[in-house]
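Overview (structure and organization)
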Amino acid sequence: MAGRASPEWYRNCLWYSQMRGRAVSWCAAVAMAGAASAAVGAAIPQAPPRPPDVEALLTRIDDLYRSTSSIARMEILVTGPRSTRSLRLRAWTRGEEEALIVIEAPPREEGTATLRVGDNLWNYLPRIARTIRVPPSMMLGSWMGTDFTNDDLVKESSLRKDFASRIDRRSDDPAGWWVALDVKPGVVGRWARIEMLVSDDLLPIEERHFDRRGRLARTMTFDEIKTLGGRRLPAHLTLTPTDTPNQRTELRYLDVRFDVPLPDDTFSLSRLERRP
Amino acid sequence: MPGFTMSRIAWRNLWRNRRRTALALAAIGLSVALVLVYDGLLRWESDWLLQTITGPMLGHAQVHAPGWRKTRDLDKTLRHASALVAAVEDAPDVADATARVYAPALAAKGEEGFAVVVIGVDVERESRPTRLLAGVSVPDPGRRVLMGRQLAEQMGVRPGDEIALVGQGVDGSLANDLFTVAALVETAVDLVNRQAVVMPIDEAQQFFVMPDEAHEIVVYGRDAERAAALAEGLRARPALAGLDVLDWRALAPAMVSLVDLVQAAWIVVLLLVLIAAAAGVANTMLMATFERTHEFGMLLALGTSPSRIVGMILVESMALGLIGALTGTAIGGALVAWAHHTGIDYAALTGGGPSSLSVFGMNWSLRIYPRLALVDVTRAVLAVLATSVVASAWPAARAARLQPARALRD
C-alpha cells in the first residue's frame, strides 16, 4: 500500500475509520438538543395535499431539537458486526455554536467530554488528563466510535446555507412530504443530495444522504414521538450507514430541558477539564 | 595436418600487421566492456526498483482479511496472527513473514491534535536490512514509540517528548494513552515519514484491544521475481483459506506500470548499445578484411583454394574475437565489480544533486550498485564474437571468389 496514492489513505486515516461522512442534519441537532417549545403542535394542515413552505419547514426542523439553550440526557447504542456498545451522555447547548457533551457511562469512558465552540472541537480525556483539539482532517472521523462524525457535531447549521431546497413529492404512507436538498454549486462536502421525509404534523420521519456519486450513503430514521421538555418530538433516532451491513447507531433522548439559563463558562476549555 | 597449418598461418597473420590487429582488438574489447557495463546498470536498475518497492513496505505478497484493503476498517482483522505468520513461513519459497497493525489515531503533544496512522510492527523483523526500520535503533519496549520525521516536525515533537494517542479500539471503546517518542525515523516510505507512529505490535494490539490480531501479513519470498507464484502457493494453503492473498504486482499496479515503463526504456537503450557495439566491430573487421584483398589474390594465384582462405580468415577472426572479448570482459567486469563495491554516487555525478529522490511515495536512493550475471557476459561475448566472425568472413568469401588477377589488381 506504500504505493497507494495518499488521498485514499488519508481518508482512511481519519480518527475512527468506520464512518466517512459529512453530515449535516439531525445528528448534530441530536447531540445538542434544543427547542422552542412554541413551535410544538403548530401547523397541523387540514387539507393534506397542500405543500408547506419549504423555508419555514426547514427552519422549524432546524429548531426542533435546538433552542436558545438546552440540557439533555441521552443514550447511544452502537451496533457493529463485532460488538454492541452503549453510552450514556449528558449534553448542554447554547445557540447554534456551542455544545458540551460528557459521557456518563460506561465507567471506562466516564468523564470523556467533547466541547464545540464554532467550528472548533475539543475532546477531554480524563484517563490521561489531556484536552486535544480535533484537527480539520479528522472532522469526518467517527465521534466516540459511533456512526456520527465529528463533523455532524459542527456543521449542523450549514443545511440551509449549502443546499437548495424544494418540496419534491407527496408521500402517502406515511403521510407527509419529501423535501429534496441539492448541494449548491461550488460547495465542498460529502453530500450531493439529501432527501427528507416530513410528516404532515411537520416532524421528521426519515432522512437520506446521497454522496457525490449519487449513491445512498446513510439513512436516519426518527420514531418514538413523545413529549420531552414540553415539546413533541421523535425521541429515538437511528443512523444506518448503507455500505456496512449490521452497523447502526441509535440515539434515544431520555430527558430534555429547553431554554435553561446556563453559566457563561459552560462552554470553555477550563470547564471542559473540570467535571461537574 | 591442414587445419593445424592453417591455424598457425592464421595466428602468424594476426601479428603481421599489428596496428590492424590492435585496432580490431580494441574495437571488440571496448564493445564488450561497454555492453557489460550497461548490462550491469540494467541489472542494478531492476534490482533497485524491485527492492525499493517491495523491501520496506509492500513485501513480495501480503495477506489481509477480506475487504480490509478497500475500507481499512479497524475491525476487519486477521485472527490468530502469530499462528498465521507461522503458517505462512511454513510454506515453500517463503523467506519470512511479519504481521502489522494499522490504525488511525489522533496524536497530540499539546492541545493540537494531528491525524496519524499507528503502525504496529514486529520490531525485530522490520529492522532487518532493506526492511521498514532498517538502520533504525529500536527503542526498549514500554509505551515508547517511533515517529515519522516529517510528522514530528509538523507536530513540533522531539525525541523524548511525551505524546497522547487517542483512537478507537476494535470493540468500539475509546483507546487513549500517553507514549514517549523514543526516536524519529526516516524510512524509505513517505507515508511512514509523514503520518506514522510506529510501535511494537504487541503494544498496538493491546492499545486497540485486538489481542493476537493483525491487519496485514507481509510475506517475503526467496525469489523476488516469483512473487505471483508465491502468492498462488499461499492461497492454496488451508490455513489461509478465505483470506486475501495478493502479490505486490496486484497490490501496487501503479508500481508495476512504473517498473515496466522504466524497464522498457532501459531495454531499448540496451538494444541501441548492442547495435552500436556490433556496428563498431563489424566496421573494423570489414575494413581489415577488405584491406587484404590483394593478399588473397596472391594466395589464389599461388593455388590456395577459396575455402581455405575463408577458413583461415574465420580462424583469424575467431581468435581476434576471443582475445578481444576476454579483454573486454576483464575491463567491463572489473569496472562493474569496482562500482558494485563502492557504489556510484549519482549526486556526485550530477554535481551535488540530492542523494535520494522522493517519487511515487517512496524514497529512491540514488546510489548505483551495478551487478552482472553470467548470462550477461555470455550474451555480450557471443554477440560480439558472432558479429566479428560474420563481418570478416563475408568480405573474405567475396574476395576468394574473385579471379586471382582481378583480386591482385584491386
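Residues numbered from 1 in each chain as written. Chains lettered and ligands numbered in written order. Predicted model: local features only at pLDDT ≥ 70, side-chain atom pairs only at ≥ 80, totals over all residues. Heavy atoms only, no water.

**Re the overall build of chain A**
Heads up, the condition is: In this description a helix means any DSSP run of H or I spanning at least four residues, a strand means any run of E spanning at least two, and both kinds are numbered starting from the N terminus. Burial here depends on accessible area, computed with a 1.4 Å probe over protein chains only, as a share of the maximum for the residue type. Under 20% is buried, over 50% is exposed, and the range in between is partly exposed. For every accessible area listed, the method is Shrake-Rupley and the probe measures 1.4 Å; residues are considered covered only by the protein chains on display.
Secondary structure summary: chain A contains six helices and 13 strands in total. In chain A, which comprises 276 residues, the share counted as buried stands at 57%. In the form shown here, chain A has an accessible surface area of approximately 11,000 Å², with 53% of it arising from carbon and sulfur atoms.

**Focus on the nonpolar core**
Residue and element names in this part refer to chain B. The condition is simple: In plain words, nonpolar cores are sets of buried Ala, Val, Leu, Ile, Met, Phe, Trp, Tyr and Cys residues tied together by side-chain atoms within 4.5 Å. The contact criterion used throughout is that any non-hydrogen atoms of two residues lie within 4.5 Å.
Membership of the largest hydrophobic core comes to 48 residues, with the highest contact counts inside it found for M147, L165, I217 and V219. For this core, the leading source of residues is strand β2 (residues 94–108), giving seven residues. Ignoring any residue separated from it by four or fewer positions in sequence, one finds M147 in contact with A152, M155, V157, I163, V181, A183, L184, V185, A196 and V197.

**Topic: the domain arrangement of chain B**
Size of an interface, as often reported, equals the accessible area lost when the parts are brought together. Under the convention used in this document: Residue ranges for the domains originate in an automatic or database domain assignment.
Its domain assignment divides chain B into domain 1 (4–54 + 256–409) and domain 2 (66–242). Using C-alpha coordinates to define each centre, domain 1 of chain B is positioned 50 Å away from domain 2 of chain B.

**Points about the environment of D212 of chain B**
All names here are of chain B. Our working definition: Think of a polar contact as two N or O atoms within 3.5 Å of one another; within protein, one of them needs to be a possible hydrogen donor and the other a possible acceptor, and neighboring residues in sequence only count if both atoms come from side chains.
Inspection of the secondary structure puts D212 in the loop between α8 (201–207) and β8 (216–221). A relative accessible area of 30% means that D212 is categorised as partly exposed. Expressed as a C-alpha distance, the spacing of D212 and M287, which sit 75 residues apart in the sequence, is 75 Å. Beyond its immediate chain neighbours, meaning those up to four positions away, D212 contacts L78, R79, H80, A81, S82 and Q205. Separated by 2.9 Å, the side chains of D212 and S82 make a polar contact.

**Focus: the confidence of the model for chain A**
All names here are of chain A. Threshold: pLDDT expresses, on a scale from 0 to 100, how confident the predictor is about each individual residue.
Averaged over all residues, the pLDDT of chain A equals 78, while 80% of them reach at least 70. Highest mean pLDDT in chain A belongs to strand β11 (residues 216–228) (93); lowest belongs to helix α1 (residues 6–12) (37). Note on residues 1–43: pLDDT is under 50 here. Beyond four places in sequence and across chains, it has 191 contacts.

**Some words on the pairing of strand β5 (residues 162–168) of chain B**
All names here are of chain B. Keep this limit in mind: Two strands pair under a simple rule: DSSP has to find at least two bridges between them.
Extensive coverage of β5 is indicated by the burial of six of its seven residues. Bridge count for β5 against strand β6 (residues 174–185) is seven bridges, and the pairing is antiparallel. In the sheet register, Q168 faces β6, and the bridge partner there is L174. Turn length for the β5-β6 hairpin, with the two strands adjacent in sequence and antiparallel, is five residues, and the turn residue G172 shows positive phi of about 95 degrees.

**So, the pattern of salt bridges**
All names here are of chain A. The condition is simple: Salt bridges are counted wherever a side-chain nitrogen of Lys or Arg sits within 4 Å of a carboxyl oxygen of Asp or Glu.
Counting across every chain of the model gives 43 salt bridges over all chains. Between D255 and R73 there is a salt bridge whose closest N-O contact spans 3.9 Å. With D255 in strand β13 (residues 248–258) and R73 in strand β1 (residues 69–79), the pair connects residues that are 182 residues apart, well separated along the chain. D255 sits in the partly exposed class, given a relative accessible area of 35%. The exposure class of R73 is partly exposed, given its relative accessible area of 26%.

**Details of the packing of helix α12 (residues 293–301) of chain B against helix α13 (residues 306–342) of chain B**
Residues and elements named next belong to chain B. Quick reminder of the rule: Here an axis means a line fitted to C-alpha atoms, over the contact stretch when the element is a helix, while the angle between two N-to-C directions is reported on a 0 to 180 degree scale. Just so you know how the angles are binned, under 35 degrees is roughly parallel, over 145 roughly antiparallel, 65 to 115 roughly perpendicular, and the rest oblique. Crossings are classed by handedness, with left-handed meaning an anticlockwise turn of the near helix from the far one by less than a right angle and right-handed meaning a clockwise turn.
Look at α12 against α13: their axes get within 10 Å of each other, and the N-to-C directions meet at 140 degrees. Between α12 and α13, the angle falls in the class oblique. Two packed elements cross with a definite hand, and for α12 against α13 that hand is right-handed. Contacts between α12 and α13 involve F296, L299 and L300 from the former and P306, I309, M312 and I313 from the latter.

**Concerning the packing of helix α2 (residues 18–58) of chain B against helix α15 (residues 374–400) of chain B**
Residue and element names in this part refer to chain B. The N-to-C vectors of α2 and α15 enclose an angle of 150 degrees; their axes lie 10 Å apart at closest approach. Classified by the angle between their axes, α2 and α15 sit roughly antiparallel to one another. In this structure, α2 crosses over α15, and the sense of that crossing is right-handed. Contact residues: α2 offers I28, S31, V32, V35, L36, D39 and R43, while α15 offers V375, D376, V377, R379, A380, V384 and S388.

**A look at the side chain of R133 of chain A**
Tracing the chain through its elements places R133 of chain A in strand β6 (residues 130–133). In this structure the side chain of R133 of chain A is engaged in a polar contact, spanning 3.0 Å, whose partner is the side chain of E112 of chain B. Setting aside residues no more than four positions away along its own chain, R133 of chain A makes contact with N120, L121 and W122 of chain A together with E111, E112 and G113 of chain B.

**Describing the confidence of the model for chain B**
Residues at a pLDDT of 70 or more form 94% of chain B, whose mean pLDDT is 86. Taken over the whole predicted complex, pTM reads 0.73, whereas the ipTM for its chain interfaces reads 0.71.

**Section: helix α9 (residues 227–235) of chain B**
Residue and element names in this part refer to chain B. Quick note on the threshold: Regarding the arc, it is the one traced by the directions from the helix axis to the C-beta atoms.
Those residues of α9 not exposed but buried are A227, L230, A231 and L234. For α9, the arc enclosing every buried residue in end-on projection is 95 degrees, short of the 170-degree limit, so these residues lie on one face. Against the buried residues of α9 lie β1 (61–64), α4 (81–90), β2, β8, β9 (244–247) and α10 (248–251).

**A few points about a positive patch on the surface**
All names here are of chain B. Selection criterion: Residues enter patches when they are more than 30% accessible in relative terms and free of salt bridges; like-charged ones are connected within 9 Å and nonpolar ones (Val, Leu, Ile, Met, Phe, Trp, Tyr) within 5 Å. Charged residues are defined narrowly, with Lys and Arg counted positive, Asp and Glu counted negative, and His plus the chain ends left uncounted. The location of each charge is read from NZ of Lys, CZ of Arg, CG of Asp or CD of Glu.
A contiguous patch of positive charge on the surface is contributed by R398, R401, R406 and R409. Among the structural elements, R409 can be located in helix α16 (residues 404–409). With a relative accessible area of 66%, R409 lands in the exposed category.

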